[in-house]
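One letter stands for each residue in the lines below.
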Amino acid sequence: MLMKKIFIVFLFLSLSSTIYSQKTATKKFQSAFKEVSISTMGLDNFILENSGTEFIEIILRAENPNKQHIVVKEVNGETVIKFNIPTFKREEKIFRKYITKRLKRAAAILKIPKNTNVSIFGEEIHISSKSYHGNLRIFIENGIVKLDTIQQNLELKLYTGNVFATLKKTHVDVISNSGKIKIDGMLYHKKYQKTAISTPREVSIITKKGNIFLTHR
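Residues numbered from 1 in each chain as written. Predicted model: local features only at pLDDT ≥ 70, side-chain atom pairs only at ≥ 80, totals over all residues. Heavy atoms only, no water.

Trainee: What is the right way to look at the side chain of T149 in this model?
Mentor: Positionally, T149 belongs in strand β10 (residues 136–150). Residue class for T149 comes out buried when judged on its relative accessible area of 12%. Apart from residues no more than four positions distant in its own chain, T149 is found in contact with S131, T166, K168 and R217. (Helix = DSSP H or I, 4+ residues; strand = E, 2+ residues; numbered from the N terminus. Buried < 20%, exposed > 50% of the residue type's maximum accessible area, 1.4 Å probe, protein only. Contact = heavy atoms within 4.5 Å.)

See the structure below:
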């Protein structure tokens, strides 16, 4: 029993060392395009913020990041952003058993000028938007999506996970085949729709097994 406790403490200290050894790399640039496409492959957490300037700023936090791990291209009238994260390896079998993938990966913050159309793609990822002022399209397999207040149009599709957001005056179309839909504290079965007068904003959220929690402002 004592040896088990010692092992747990040792494991915790090892994991803490892995977390707090993360470093930062940044890239800042200006784009002539109003379309930004972001692949979150290799990331564990992603935060979208409004830029206070006309520049796009990317902040990558990982074990040993550098600017080469932030890949930016301009393709067919849009800015494409990807992350080339080196694989983190540990040879000890016992750590491969206990250390989760989430602790091996990286996190990124993107600051993007307002009114830029942003598309985000990924598999397992946690996404936060700090009330981004622009049209958003998000397509992921699994994760937690926190959007604060949705300012413009939103199209969100995910297989499973949780979605949290605050709605302004907007058209709303929400579907969850087997998850929970909770709007302003009330539960809805599989579908929720609402039409708002005198607004072009549209919010569409579709999920197979995910839970959706929305509130009106």
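Trainee: Looking at this structure, I do not really get the side chain of T199. What am I missing?
Mentor: As for its placement among the helices and strands, T199 is situated in the loop between β15 (191–194) and β16 (202–207). Residue classification places T199 among the buried residues on the basis of a relative accessible area of 12%. A polar contact is formed between the side chain of T199 and the backbone nitrogen of R201, at a distance of 3.3 Å. Here T199 is in contact with K169, T170 and H171, once residues within four sequence places are set aside. (Polar contact = N/O pair within 3.5 Å; in protein donor to acceptor, adjacent residues only side chain to side chain.)

Trainee: What am I meant to see in the environment of A107 here?
Mentor: If you trace the backbone, A107 turns up in strand β7 (residues 106–112). Given the relative accessible area of 22%, A107 is considered partly exposed. Distance from A107 to I47, taken between C-alpha atoms, is 8.2 Å for residues 60 residues apart in sequence. The contact partners of A107, leaving out residues within four places of it in the chain, are L43, N45, I59, L60 and R61.

Trainee: Please explain the nonpolar core as it appears in this structure.
Mentor: Soluble globular proteins: nonpolar side chains tend toward being buried together. Grouped together as the largest cluster of nonpolar side chains are 44 residues, with contacts concentrated most on I38, F46, F83 and L110. The residues contacting F83, other than those within four sequence positions of it, are I38, S39, M41, L43, I58, L60, H69, I70, A108 and L110. (Core = buried A, V, L, I, M, F, W, Y, C linked by side-chain atoms within 4.5 Å.)

Trainee: Just checking my understanding: could you explain the pattern of salt bridges for this structure?
Mentor: Between side chains of opposite charge, a pair can form as their charged atoms come close. Under the criterion given, the structure shown has two salt bridges. The partner of R137 in a salt bridge is E155, with the nearest N and O atoms 3.4 Å apart. Highlighted residues: R137 in strand β10 and E155 in strand β11 (residues 154–167), separated in sequence by 18 residues. According to the relative accessible area criterion, E155 is partly exposed, its value standing at 27%. What you see here is one network of salt bridges that share partners, running through R137, E155 and K157. (Salt bridge = Lys/Arg side-chain N within 4 Å of Asp/Glu carboxyl O.)

Trainee: Can you help me understand the packing of aromatic side chains in this one?
Mentor: If you walk through the whole model with that rule in mind, you get three aromatic pairs. Considering the side-chain rings of F121 and F139, the 5.6 Å spacing of their centres and the 20° angle between planes classify their relative orientation as stacked. Here F139 lies in strand β10 and F121 lies in strand β8 (residues 117–121), a separation of 18 residues in the sequence. Centre to centre, the rings of Y188 and Y192 are 4.8 Å apart; their planes meet at 65°, and the pair counts as edge-to-face. The lysine or arginine in question, K28, covers the ring of F55, its NZ or CZ lying 5.6 Å from the ring centre. (Phe/Tyr/Trp six-rings, centres within 6.5 Å; stacked < 30°, edge-to-face > 60°. Lys NZ or Arg CZ within 6 Å of the ring centre and 35° of its normal.)

Trainee: Is there a simple way to think about the pairing of β7 in this case?
Mentor: Of all seven residues in β7, five are buried; the element is thus mostly enclosed. Note that strand β3 (residues 43–50) and β7 share seven bridges and pair parallel. Within β7, the position partnered with I47 by the bridge is I109. Sheet topology places strand β4 (residues 56–62) next to β7; five bridges connect them, and they run antiparallel. Bridging across to β7, I59 finds its partner in I109. (Pairing = 2+ DSSP bridges.)

Trainee: Just to check I follow, could you spell out unusual backbone geometry for this structure?
Mentor: With the exception of glycine, the majority of residues adopt a negative phi angle, and the majority of peptide bonds are in the trans configuration. Although it is not a glycine, S131 sits at a positive phi angle of roughly 50°. Its location among the elements puts S131 in the loop between β9 (126–129) and β10. The exposure class assigned to S131 is buried, which follows from its relative accessible area of 17%. Phi at S198 is positive, roughly 60°, even though this residue is not glycine. As for its placement among the helices and strands, S198 is situated in the loop between β15 and β16. Relative accessible area serves as the criterion here: at 68%, S198 is assigned to the exposed category.

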